[in-house]
Every structure is written in structure tokens, then in C-alpha cells.
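Chain residues, written in single-letter form:
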Amino acid sequence: MASILAIVFLPLLAALIAGLGNRALGNTVSKVLTTGALFISCALSWPIFLGFLNGTAQAEVVPVLQWVQSGTLSFDWALRVDTLTAVMLVVITSVSALVHLYSWGYMDEDPDQPRFFAYLSLFTFAMLMLVTADNLVQMFFGWEGVGLASYLLIGFWFKKPSANAAAIKAFVVNRVGDLGFMLGIFGTFLVFGTVSIPEILEAAPAMAGSSIGFLGYRVDTMTVLCILLFIGAMGKSAQLGLHTWLPDAMEGPTPVSALIHAATMVTAGVFMVCRLSPMFEAAPIALGVVTVVGAATCFFAATIGTTQWDIKRVIAYSTCSQLGYMFFAAGVGAYGAAMFHLFTHAFFKALLFLGAGSVIHAMHHEQDMRYYGDLRKHIPLTFWAMMAGTLAITGVGVYWLGAGFAGFHSKDAILEVAFASGSETGMLAFWAGVVAALLTSFYSWRLMFLTFWGKPRWIGSEHIQHSVHKTPEEVGEDTTGGYHPHESPMAMLVPLGLLSIGAVFAGYVFHHAFIDEAGFWAGSIYFDEHLAHAMHEVPLLVKLAATIVMIIGLVIAWYAYIRKTDFPAKFVKEFSALHKFVFNKWYFDELYNIVFVKPAFWLGRVFWKAGDVGIIDRFGPDGAAWAVSRGAVYARKIQSGYLYSYALVMLLGLVAALSWVMAG
Amino acid sequence: MAGFPILTLMLLVPLVAATACLFVEAKAARSVALVATLINLALGVVLWANYEIGGAQWQFTERVELFAGFSYALGIDGIALMLIVLSVFLMPICIGASWESIQKRVGEYMAAFLLMETLMIGVFAAQDLFLFYIFFEAGLIPMYLIIGIWGGDNRIYAAYKFFLYTLLGSVLMLIAMMWMVNEAGTSDIPTLMAYDFAENAQTWLWLAFFASFAVKMPMWPVHTWLPDAHVQAPTAGSIILAGVLLKMGGYGFIRFSLPMFPEASAQFVWLVFTLSMIAVIYTSLVALVQQDMKKLIAYSSVAHMGIVTAGAFAFNVQGIEGSMIMMLSHGLVSGALFLAVGVIYDRLHTREIDRYGGLSINMPQYAIFFMLFTMASIGLPGTSGFVAEFLSLAGIYQVSTWVTLVCTTGIILGAAYMLYLYRRVVFGEQKNADAAAMPDLTMRELAMMVPLALAVLWMGVYPESFLAPMRADIAALDARIARAAPEGDSQLKIGPPKSDKADAAHGEEAEHGGAH
């Protein structure tokens, strides 16, 4: 399987050439190079995946280079390929290749294209290093590498203060998670004496029931290790508490949101938990934490999604919420279901983001849905792509046929398995998941109705006003302002089409392999056969729950945004406090600002002005200087003030001292 | 190589060149200095290539007996080798950085730098306690002159503060050294490293050495000379100060304090850890609010040195190796960052962060290098900074989870202040017309940036090149101090294996049943 070397390193090579060549290379060359590299990687990845799917491929590790050896701590650069990696390989390379292609159209007018494409390819390389990691440290390398690429891409339009702020926020908040990840690695090394993932997983079950000291407390070893590692996962996957960077990350160009902040990077946390699933299985309390955090996030983010006006932010909160589903699936022990949702979600969420990008492209960079409306007639192809994505995310399907769009298969499986797990946290997750499914349906259809149905409200947008050179007053009744949305170019439509195929069929085709077959996973994740059977035995109502709430959500959205369009305003007026709380994202940003950011700057100033200058310098060197200058009045006669005379005295003193010592 | 006095040659080349520089005019002085430092770099490469990994602990030894037991004794182990290589690597870059920015008294300036190189190599190569002391203290003088003569507006204050702090510590060290030589009957460093001093004597000796090394590091709260010295020093002065002079403190801990006084080191672990933790948090927060680029990087140096001290006193291989790699990495990265500041200082003559902005538009190459060094400072995996942080912290974790937690917080704050700096300088709008008109890197500047960038990546991707020569020496040190190693707070206890998840529910009952 030497092709894995090409898969991983071609994007790096392309990124280096395009990034360093930059303007000297020109737009076309760097675009062809990076996109070409990604299509080759993609073409090489699918055979590996299909090999695992039909059971002909074997897991293996391809060594690359020695990395660090320090005492008993050693780890190397190596590429591990097993079923879990193969799933991620196709997700990453497929979405990345399509996003590269899409960016030909989307970024066409940008003056800085080589840099953009170099960053995209660099990101892909780092993500591939993450999923092929054979030890925790290389996983951390990929982890931080994708963080860097994300930082660079969020801040791609570096002249915008908001983009810069969002980029730094993303990096720093992720670092909070990394703190947990790093401590987790240190602890793992301490306990197992290795950072090699297979060795850790093999030894993990025997560690259940052991205890370890941590911050002065004696705690269950596996629980503390898994929770520390999970904190890392929470940061990268934007789970409740460490989620604040994700919505702001929408400052980046839309293709970036599709690739990094929907399909791949943010799922790294889920991947990590699945990769280390035998370890988490030895820590039931940690799994409970994973379940509760996932459930809380899936509900919390969905509530916010229902109130936002920015089309990308709605999808961002939706991503956050869907990641919550994946986590609680993992938390109840259904890692296959978690990975399955990761897989389908990658296609339909990338599709939704790229579709949103196409809408934004058509609407002259306007992102506010209040100024959309009636677009289905003007950009029909984008409309149908978005429709496929919406049908997938809301989980439309027919239970009795066993067929539906991608989300129908994966989300229903997660709800069933949460219910089937029978634990208290599992039930909590089930109910949170059902409510979130209702909210998902509502905000997804709300997005569709506001964008593609109703009357055009375009002239309200400043972007459109700039385009048509008219104010709302001038156009009167014609709320289009005479603006003509244009369908996107082929480079953007082809990826939409291909992803639509994924959004429609990915669930149906791969359902059996991911959910029901221990053989497919071949030991690359912990597979609970018992749970896999139990999930088919849940009551019919549980199986239908997702479909029922999907229809309820659709009906409410239809009523509020098509039938009686003054209803939302009335509702908001009636429950203004609640709406304000949710609309302002539960005030997390404000809270963190008061608790962390402001005190950090305040403390910095205090330590500097009062500590360094006010105390240390005042009583230290400046105080000494003061004392010396007073004393100097008396000592002036013997002091010349010249450096060389001091040096002479020092030297004489030294010689004298030495002779004394040596003679004695 | 046997018998060839390469270390003496490396001391002599810059010394002779320094003398020559005093007598020639500016243009020739620059060339002489550059050639001399490049020769020394070549000699450094020869030294590294001929260093036999797994061979004798002390190699390239030279010894000339002088008066009263005092001898001119040189020799290096892997630790000293790496620090010497770092020094000779940074020197040509320093000369390059001063090429155009220093216009007054060029001959004397170059002489001071070359003298400094001799003294730095001497510190790391000395095998006699007093020879070490002379090199160690004399290193102050050229640095004092560089800051005091070629420094910024407030150079006299900074130079005086620098001198006062560092001299104060060294007086105590000298007294301790004399006592040691008297007690052990030799001033030979390798012998002293194996000599067991009485425990109560160790305490005082350790404190005396600590006074000197803590200032050199610098550790909190004796760090306040560093920001002033950096701000006032010319670019090359900052590079060598951050790059090599600070390392003398860490080298001192690893060469003297730990092997010579293992019990006292263990006794004072709490002190080192406490000061290190304060340094990491305190100076990182201070760095966050700086308006002066050099001050910001100076404070970040103090924070990084906190990791060095904590790692060195972790009493295990990972901690000490991490500490060494951190010194090497910080030498490259902070040197590179000061160089990056110098590049734009030369163009605009201000260190004020707000006077810049949007540099990635008019200086795209510069932006790439600055980004790389920023990431290395933050400790991004793939750069040298990560290997350093990771190994040190992994070592510290085995001793104290608390210290690790606090020190690891530094990675969050480090990201915050460095990215905030980068954003204000390189990103954003081009709000200042003069900053927007600055040209990108010249060939001379590229020739300095590229080797630094390659070294940073090399150390990040394949640190084995740097770890291998030090491995045996650090293992020996670890074995030497193992008898005093403090007990970690993690203490794993293997419990009865649980059969399945259901047992978790019975855990409480078991406790009541007196299972513990």
C-alpha cells in the first residue's frame, strides 16, 4: 500500500510549490498543481476504501522516518492504514478535491489565489497525517497542522479585522483543548510507557480499575486519561464550552467552511474518540461525559441555529449540532454509527456549504437570508443541490422501505442506538437528539424557505444596492431592484452535483457495512455486537421518532415562513427574553470575554506595571542604584568611574583569591 | 582528528580576527568578521562531524597545566557540542544583521562580537572550574559594551542594569567555587561532576550557583534586566543575547547544579518549579500587553526559559533532553524573531507595533518567514519548538501534574501573544504609508533567514541529529542524579481488573466493604 505515501505527500508537495512559488508561478499553474494533486490522492484513496469494504485489504503501517527518541519515549513518522483510516481517506480526499475544483469558480476574482490553494492543500496534508497517525504524537501533529491551516484560511482575507479576530480565536480556543490533549498524552505515556496507539489500545483494558494521582487527587486512571483526551476532541470538534470559535470561523471563504469547518477538521475529535475506542471502553465514566457533552451540544447548537440570519452561521451551528450526535453515538458505544454519521455528514454538509456559497456568489456576497427570497427560479441548479442537502440533513426517508437520504440512515441509527443502550445518559442523549432533530428540520427548512421561496427581498441588502446602484426608495415596488442573480459557473456546479449524489445515496449504500458489520471495521474500532443487534429491537415509535419530528419541523417552518410570514416576528415579540438569549448564542462570548480575555489583559498590565516596574525594579536594581549613588558621595575618592579600572580590580581580586585557594 | 587542538583553534580564530578588526577601517572589519565567523562555523561542522557518538564522554580534550593547579583544560561532551554548534551557527547571522545597521565604530563593534564568540565557545568548552568562570563572567563585558555603545536611546540604563544583575549573582558563585576546589582538591569539572559533597554543604553551594544561573536564565523575579537589555541592544546583540547568553544559565544548571549537587537539587525542586511556573504565566501575560516588539519577544523568552528550568529539574531523561532541545530551539527561534524585528526596524526605525500593519501585502516573503518563526515559538509540531515543549512537559508530568498543567497553560498564552503580535504587524490594513512602502527581504536578509528556517524545521522533523550526540551524556546525568530523584505525584496503582461496565456501579459498595 505504498500509494498511501503519494496520497499524503502529494498535497504537501503541491502546497509547498504553490505557496513558495506564489505570484511567480501564477494562478493557473498553482491551481492545476494543487487540484491535480488532490484528484490523484482521491483516485488513489477510493481503491483502498473499496478494498476494505470487500474485505481484500489488510491493515498495515508504512514507516516514513524516525522522529523522536528520548529515553523510553519514542515515536516515529509512520502512516497507518486500516478501515477507520480508509473511511477518513475517502472523505478527506473526495471533499477536498471537490472543494479545490469549486474554488476555481468561487475564488476566481481573488487576487491571492496561489496562497489560497496552497493553504487548502496544506490543510489536506495535515488532515491526512492526522488520520494516518500510528501514535498519539503524530496525531497531535496533524491536529495542530489542521489548526494552523484553519487559522490561515479563516484569516485569509487578512485585511478584515473580523477575519483576523476570528482566526486568532479559533487558534487560541483550540489550544485550550490541546492543553487537555497534551496532558492526556503525557498521562498515557506515564501509564502505558508508550505513545503507540496499537500498544496503548492493547494494554488499556487491563488498566481498568487502576488509580492514579492527578493534581493531588487519586482518580481512576482510564477515566482521567480519556477525559483529558476528550477535552482535546471538544476543542477541535467545537463541543459545548469550546464551540465559540466555530461560528466566527465563517469569516473564512465559503469553500474553507465546507472543507474544514464541516466535512473534515471538525470531525477530528470524533475520529480521535473512535480511534481510541478500546481505551474509552475501559472508562465508563468518561464515556458518560462524552455522551452528555455530545447530547448537550446537539441540542444547544440547534437552538441557536433556529434564530440566526446569516446563512453560513445557520449551517455552522448545524455542524456543531451534528457533531454532538456523533459524540453521543460514540459515548453510548456505537462507534460505527458515529463514523457513519461522520461519513454521510461530510457529503451533505459540504454540499450545503458549497450550495450556500453558490447562493452567496449569486447574490453579490450577501449572506443575510432576510435579503434573499424567491431564488429557486433564478438559480435552479443550486436550488436542487441545496434541496438534496436539506433532504439529507433533515433525514427524509421511508422507514418501511428502508431507504432515504443520507442523514435518514445515519441519524436514525444514532437515535436508535442511544435508546437501545438503555443507560441514563443514553436516554438523555436520545431525547436531546429527538428535540435537536426537530430543530434541525425547522432551521433547515427555514433556510430553504427564506432563500428560495417567498417574495424577493433583495434590495434591502447593501451588497445588492451597490451592485445595482439604487436605494430601496428609488426602486419602489420592485424589491428585486432590477438585480439578476446568476447561476454559478461549471467549476462550482460539478462539485455540487457530485456531492448531491453522495447526499442522496451515501446512507443507503453504506448503511449495512458501517452499522451492522464488525467484519468491515476489522478491529480498527471497538465494535459492540450486542448493541448492534439491540438497536434493531427498539420500539417502532423510536424508529419513527426522527421521521415524525422531521415532519413537525417542516410543517412549523412552512407555516412560519410561507403560510403566515408575520408569525416569526410575533413569536419573537411574545418571547423576547428567550429569543434574545438564544439569538445572542446563550451569551458564551460575552461570558468568556469577562472571565478570561479581559482579566488576562488586566493581569498582564498589573504584572508589568506594578510587578516588574513597581516592585522588582524599584526595590531591585533601581533601589540598588539609589543606595549606590548615596554611598558614592563618600566613596567617590576611590572610584574613578571607568570600566577598565573596575575590571582591573576584579582581575586582581580574582588572582588574589586563586592564589589563596591554591596555596591553601 | 586525534590530538589536533580544534577547540583552541576555534577560540583563536575570532580572537585574532577581533584584534585585526580594531586596526582596519569599517568595510574591511565587516569582511574580516564575516570570514572569521564563517571559518568558525566550518570548524563547528567539522567538530560535529568528528564527534564520536557513543565514544568517550569527553572528546577533543586539551590540557595545559598552569600555576597552582589551575589549568587550561578544554573538552566537550554532546551537550557542550550542541551549544557550541548553536553559537557558531548564529554568529555569521549576527555579523550579517549588523552589516548595514551599524555605521559607527564598526571595527570596535565587530571586535566586541568576535571576542564574545571566543568567550561563548570557551564557556561551553572549559573543563576547569576557574577557566569556566573567567569565560562566563568575561562574556558580560563585550555584551555590556555592545548595549552601552551601539544601543538605543536608553542604553546606559539598560547596560547598567544588565551588568549589575549578572555581576551580583556571580560573586556568590565565585566564592562557592573556591570552597569547592578547596574541598575536592581539584578544579577539574569532570572530576567535580562525580564528587559527592556533603549534603549540608550542597545546600549552600547550590544556592550560590543558583544566584548566578537564575539571573543568566533569567528566572522570575530576576528577569527585569532582560527586556531592557533586548530593547536597547542592536539587533545582533539581541540575537546573541537570546540565542546563546541565556543558555549559559541552563547549561550551568545541567553541567554544575544537577550533577555536582544532586541532593540539594532535589531539595530545591519546589523552588525551581515555583519560579518556573510563575515565569511561564506571569511573563506570558505581560507579553500580551506589550506595545514594543522586542519587549514582547524578550518576555516570551523568559516564559520559554521557565520550561527549560522546570524540565531540567524534572530529574528524568525526557525532562533534561527537552530542556536542552528547548535551549537549542529557543536559540534559533528567538534569534530568528529578533532578526525579523530587526529587518523591519532597519526600514522604519521603530519597535512600536502599531506603526506597522499589513506587511504581508508589501513584504510577502517576510510574512512567510515571520509566520514560520511565530509558529515555532508557539510550539507547532513539525518545528523545533514542539519537540522542545513536548519532551520537557512529558518529563515534568512524571514529577508533578500540577506543574505540568500550569506550564502547559503557557501554550495557550503563547499562542495568544504571538498571534496577536503577528496580526498587528503583518495582517490588517496598510494603515501607515511609510510601513506600506517598505521593500521585501533583500538577498542579504534572505541569506540569514533561510538557514534559520531550515534549522528550525530540521530540528522539528528529525531532532535525532541533535538528540543523538547528547543521549549518552544525559543518560549519565540521569543515572547520577537518580538517587535523589523526587517521587512523582502520579503513582499508578493497578487495581483489580473489572470484568465489565456493571462493576462501576458496585464500586461504592466495595469501598464500604474495606477494599482499600
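Predicted model only: the values in this text are computed from it and were never measured.

Asker: Help me understand the overall build of chain A in this model?
Answerer: Within chain A one finds 29 helices and six strands. A compact globule built from 664 residues would reach a C-alpha radius of gyration of about 26 Å, and chain A, at 29 Å, matches this within 12%. With the C-alpha coordinates of chain A rotated into their principal frame, the extents come out at 100 × 70 × 55 Å. Long-range contacts, defined here as pairs at least 24 residues apart, represent 78% of the contacts in chain A between residues at least 6 apart. Only carbon and sulfur atoms are counted for the fraction: they give 68% of the accessible area of chain A, which is about 24,400 Å². On chain A, the mean spot of the 36 positive side-chain charges and the mean spot of the 41 negative ones are 11 Å from each other.

Asker: What exactly am I supposed to notice about empty space enclosed by the protein here?
Answerer: A probe matching the size of a water molecule, rolled over the atoms, marks out where space remains unfilled. Overall, the coordinates contain nine cavities of 30 Å³ or more when judged by the stated rule. The calculated volume of the largest cavity comes to roughly 110 Å³. B:H304, B:E389, B:G410, B:I411 and B:Y417 are the residues nearest the centre of the largest cavity, which is lined by 14 residues in total. Of all the secondary structure elements, the ones that give two or more residues to the lining of the largest cavity are α14 (269-288), α15 (293-312), α18 (364-378), α19 (384-397) and α20 (401-426) of chain B. Element by element, the count of residues in the lining of the largest cavity is highest for α20(B), at five residues. In the lining of the largest cavity, the residues fall into eight nonpolar, five polar and one charged. By volume, the second largest cavity amounts to about 100 Å³. Lining the second largest cavity are 14 residues; nearest its centre among them are A:A334, A:G336, A:I515, A:F527 and A:A532. Elements that contribute at least two residues to the lining of the second largest cavity include exactly α15 (335-362) and α23 (529-534) of chain A. When residues of the lining of the second largest cavity are assigned to their parent elements, the largest contribution, three residues, is made by α15(A).

Asker: Teacher, can you tell me more about the interface of chain A and chain B here?
Answerer: How large an interface is tends to be reported as the accessible area lost when its parts come together. Opposite the 78 residues of chain A that make contact, chain B presents 88 residues. Between chain A and chain B, roughly 7,500 Å² of surface is buried when both sides are summed, and carbon and sulfur atoms account for 73% of that area. If you sort the residues of chain A by the area they bury against chain B, A:R175, A:F186 and A:L215 come out on top, with a joint share of 9%. The salt bridge partner of B:K161 is A:D617, with a shortest N-O separation of 2.7 Å.

Asker: I keep staring at the packing of helix α3 (residues 78-97) of chain B against helix α16 (residues 317-348) of chain B and nothing clicks. Help me out?
Answerer: Packed helices, taken two at a time, are described by the angle their axes make and the gap between the axes. Residue and element names in this part refer to chain B. Interaxial distance between α3 and α16 falls to 10 Å at its minimum, and their mutual angle equals 5 degrees. Here α3 lies roughly parallel to α16, going by the angle between them. Residues I79, M82, L83, L86, F89, L90, I93 and A97 of α3 touch α16, and the partners they reach there are M324, M327, L328, G331, L332 and L339. Its residues assigned to classes, the contact of α3 with α16 shows 13 nonpolar, one polar and no charged.

Asker: Which parts of the structure should I look at to understand unusual backbone geometry?
Answerer: Excluding glycine, most residues fall at negative phi; most peptide bonds, likewise, are trans. Omega for the bond connecting B:M217 with B:P218 falls within 30 degrees of zero, at -5 degrees, which places this linkage in the cis form. Mapped onto the fold, B:P218 is located in the loop between α9 (199-216) and α10 (225-232). Cis geometry marks the peptide bond from B:W220 to B:P221; its omega dihedral reads 5 degrees. Here the phi dihedral of A:A238 falls at roughly 55 degrees; this positive angle occurs in a residue that is not glycine.

Asker: Even after reading the chapter, I still don't get the nonpolar core, so can you show me in this structure?
Answerer: In globular proteins that are soluble, nonpolar side chains generally tend to be buried together. Judged by nonpolar contacts, the single largest core of 450 residues is most densely connected at A:Y151 and A:F514. Here this core gets 19 residues from one element, more than from any other, and that element is α15(A). Leave out the neighbours within four places in its chain, and A:Y151 touches A:A167, A:I168, A:F171, B:M371, B:M375, B:L419, B:Y422 and B:F427.

Asker: How should I be thinking about the side chain of A:S211 in this particular structure?
Answerer: Along the chain, A:S211 turns up in strand β3 (residues 211-214). For A:S211, a relative accessible area of 17% puts it in the buried group. When neighbours within four sequence positions are excluded, A:S211 is seen to be in contact with A:R218, A:V219, A:D220, A:T221, B:Q491, B:L492 and B:K493.

Asker: Before we go on, may I ask you to explain the side chain of B:D440 in this structure?
Answerer: Residues and elements named next belong to chain B. One can find D440 in the loop between α21 (433-436) and α22 (443-461). Although D440 is buried, it forms no salt bridge, and the closest oppositely charged side chain is R347 at an N-O distance of 6.1 Å. Within the local environment of D440, its side chain forms a polar contact with the backbone nitrogen of Q365, the two atoms lying 3.0 Å apart. Within the structure, the side chain of D440 is placed 3.3 Å from the backbone nitrogen of Y366, a separation counted as a polar contact. When near neighbours in sequence (up to four residues on either side) are disregarded, D440 contacts R347, N362, M363, P364, Q365, Y366 and E445.

Asker: It is not clear to me how the packing of helix α1 (residues 3-25) of chain A against helix α2 (residues 27-53) of chain A should be interpreted in this structure. Could you clarify?
Answerer: Residue and element names in this part refer to chain A. Close contact between α1 and α2 brings their axes to 9 Å; oriented N to C, the two are set at 175 degrees. The angle between the axes of α1 and α2 places the two elements in the roughly antiparallel class. Note on element contacts: α2 touches α1 through N27, V29, S30, L33, T34, A37, L38, I40, S41, L44, S45 and I48, opposite S3, A6, I7, L10, P11, A14, I17, A18 and L25.

Asker: Just to check I follow, could you spell out the packing of aromatic side chains for this structure?
Answerer: Two numbers describe a pair of aromatic rings. These are the distance of the centres and the angle of the planes. Scanning the model with the defined rule gives 84 aromatic pairs over all chains in all. Geometrically, the ring pair formed by A:W458 and A:Y483 is edge-to-face, given 6.4 Å between the ring centres and 85 degrees between the ring planes. Taken together, the positions of A:W458 in the loop between α18 (424-452) and α19 (462-468) and A:Y483 in the loop between α20 (472-475) and α21 (490-516) put the pair 25 residues apart, joining distant regions of the chain. Residue A:W458 shares its accessibility class with A:Y483, and that shared class is buried. Taking NZ or CZ as reference, A:K609 lies 4.1 Å from the ring centre of A:W608, over its face. Above the face of the B:Y420 ring, B:R424 is positioned so that its terminal group lies 3.8 Å from the ring centre.

Scoring rules and cut-offs
- Residues numbered from 1 in each chain as written.
- Chains lettered and ligands numbered in written order.
- Predicted model: local features only at pLDDT ≥ 70, side-chain atom pairs only at ≥ 80, totals over all residues.
- Heavy atoms only, no water.
- Helix = DSSP H or I, 4+ residues; strand = E, 2+ residues; numbered from the N terminus.
- Rg over C-alpha atoms; globule rule 2.2 N^0.38 Å.
- Contact = heavy atoms within 4.5 Å.
- Areas by Shrake-Rupley, 256 points an atom, 1.4 Å probe, with all protein chains shown as cover.
- Lys, Arg positive; Asp, Glu negative; His and termini not counted.
- Charge placed at Lys NZ, Arg CZ, Asp CG, Glu CD.
- 1 Å grid on protein atoms, 1.4 Å probe; cavity = no way out; pocket = protein on both sides within 12 Å on 5 of 7 lines; lining within 4 Å.
- Points joined across faces, edges and corners; volume = space filled by probe spheres on them.
- Nonpolar A, V, L, I, M, F, W, Y, C, P; charged D, E, K, R; others polar.
- Buried area = accessible area lost by both parts, 1.4 Å probe.
- Salt bridge = Lys/Arg side-chain N within 4 Å of Asp/Glu carboxyl O.
- Axes fitted to C-alpha atoms, helices over the stretch in contact; angles between N-to-C directions.
- Parallel < 35°, antiparallel > 145°, perpendicular 65-115°, else oblique.
- Core = buried A, V, L, I, M, F, W, Y, C linked by side-chain atoms within 4.5 Å.
- Buried < 20%, exposed > 50% of the residue type's maximum accessible area, 1.4 Å probe, protein only.
- Polar contact = N/O pair within 3.5 Å; in protein donor to acceptor, adjacent residues only side chain to side chain.
- Phe/Tyr/Trp six-rings, centres within 6.5 Å; stacked < 30°, edge-to-face > 60°.
- Lys NZ or Arg CZ within 6 Å of the ring centre and 35° of its normal.

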